[in-house]
Amino acid sequence: MKSISCRKHPNWLEQTLEALNCNGYIVIEDVLDTDFLEKARVALYQVKGSIIREIGENRLAQAGELGVLRIMMKYNPFLISFLEIPEVISVIDKTVSETAILHLQNGFILPSFPKGESPEVFQNQFHMDFRRVLNGYLASINTFFALDDFTYENGCTWVVPGSQQKLIPPSAEYLQSNAVPVECVAGSMIVFDSTLWHSAGINSSGKDRLAINQQFTRSYFKQQIDYVRALGDDLIHLQKPRTQQILGYYTRVPTSLEEYYKPSAERLYRSGQG
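Right, let's walk through the structure included here. (Residues numbered from 1 in each chain as written. Predicted model: local features only at pLDDT ≥ 70, side-chain atom pairs only at ≥ 80, totals over all residues. Heavy atoms only, no water.)

Let's talk about the pattern of salt bridges
Move 1: Inspection of the entire model under this criterion finds seven salt bridges.
Move 2: The partner of Asp35 in a salt bridge is Lys39, with the nearest N and O atoms 3.3 Å apart. With Asp35 and Lys39 both in helix H2 (residues 34-55) and four residues apart, the pair spans about one turn of that helix.
Move 3: Owing to a relative accessible area of 48%, Asp35 belongs among the partly exposed residues under this scheme.
Move 4: Here Arg70 makes a salt bridge to Glu65, at a shortest N to O gap of 2.5 Å.
Move 5: You can call Arg70 partly exposed: its relative accessible area is 27%.
Move 6: A relative accessible area of 31% places Glu65 in the partly exposed class.
Move 7: Shared partners join several salt bridges into a network, and the residues in it are Glu38, Arg41 and Asp148. (Salt bridge = Lys/Arg side-chain N within 4 Å of Asp/Glu carboxyl O. Helix = DSSP H or I, 4+ residues; strand = E, 2+ residues; numbered from the N terminus. Buried < 20%, exposed > 50% of the residue type's maximum accessible area, 1.4 Å probe, protein only.)

Written out as structure tokens, the structure reads:
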């Protein structure tokens, strides 16, 4: 598995782009420091409690997910800072362009189960996060953060190197035979082509494993969540212009002629967002 440190390798971005093309993924170490990690862990548990109070455990259980947290920024604005990490910005600028938008930001608090007792859900089955293979055109990229050490025992992500951008999906046998565990230290960022076949592992470590996954697409693809509406104008207006753009503030769709005929500087879909 290819792993480099953004603090020690000045050409980490060039190596990242090469690895994405060849293997479909790479691990970038030393992206998050200890203080940032601790704040993120606290935020995830706080968000989990807020979501449970709002949605209820029964409805969450019916979704068939394991510890997935959605629209986290609504419940804890600290998590917006994951969109402003310099290494994240560098990666998306060089892959899905400077006008890319956030498709999703999901948190994971993966619970531990006794061996052989973990339920089968979408997360721990091999899948692509972006199901459109466009003749090699890179339309979506993921930045996946390990908030704890990722190990075999605590259910680290598994990837199938070189399985990205395949018009014909690999067979289940091939995926199982060629998958490798992405073990890495807390604070690392796993960057991968969103068409790469991957899955979550099974956590049998005896404690939760925490992570955050962000997916960015070209600006003309629909977001999984309309983050601008979900977060509300008050919170959006507090953010830096680039963060607003990543959240989708400059790629909104008019809902009236009044909005459509706004002056160019005020339009919901700004020029240059293609």
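Concerning the packing of helix H1 (residues 12-22) against helix H5 (residues 86-95)
Relative orientation and spacing of two packed helices are given, respectively, by the angle between their axes and the distance between those axes.
Move 1: Close contact between H1 and H5 brings their axes to 11 Å; oriented N to C, the two are set at 50 degrees. Our classification of the angle between H1 and H5 gives oblique. Classified by chirality, the crossing of H5 by H1 is right-handed. In contact with Trp12, Leu13, Leu17 and Leu20 of H1, H5 contributes Glu87, Ser90, Val91, Lys94 and Thr95.
Move 2: When the residues that make up the contact of H1 with H5 are grouped by side-chain class, the tally is five nonpolar, two polar and two charged. (Axes fitted to C-alpha atoms, helices over the stretch in contact; angles between N-to-C directions. Parallel < 35°, antiparallel > 145°, perpendicular 65-115°, else oblique. Left-handed = near helix turned anticlockwise from the far one by under 90°. Contact = heavy atoms within 4.5 Å. Nonpolar A, V, L, I, M, F, W, Y, C, P; charged D, E, K, R; others polar.)

What about the pairing of strand S4 (residues 101-110)?
Move 1: In terms of burial, S4 is a largely internal element, ten of the ten residues being buried.
Move 2: In this sheet, S4 lies alongside strand S3 (residues 68-69) in antiparallel orientation, the contact comprising two bridges. What sits directly across from Leu69, in S4, is Gly107.
Move 3: Relative to strand S10 (residues 209-217), S4 runs antiparallel, the two being bridged by nine bridges. If you follow Phe108 over to S10, its bridge partner there is Ala211. (Pairing = 2+ DSSP bridges.)

Some words on the sheet that holds strand S7 (residues 180-181)
Move 1: One open sheet accounts for three strands, arranged S7-S6-S9; its pairing is antiparallel. In this open sheet, the two edge strands, each paired with only one partner strand, are S7 and strand S9 (198-199).
Move 2: Where strand S6 (residues 158-159) lies against S9, two bridges are found, and the strand directions are antiparallel. Across the sheet, Trp158 pairs through a bridge with Ser199, a residue of S9.

Side note on the environment of Leu66
Move 1: Following the sequence through the fold, Leu66 ends up in the loop between helix H3 (57-62) and S3.
Move 2: Remark: the alpha-carbon pair of Leu66 and Pro119, spanning 53 residues in sequence, is separated by 8.6 Å.
Move 3: Ignoring any residue separated from it by four or fewer positions in sequence, one finds Leu66 in contact with Ile109, Leu110, Pro111, Phe113, Ser118, Pro119, Val121, Gln123 and Asn124.

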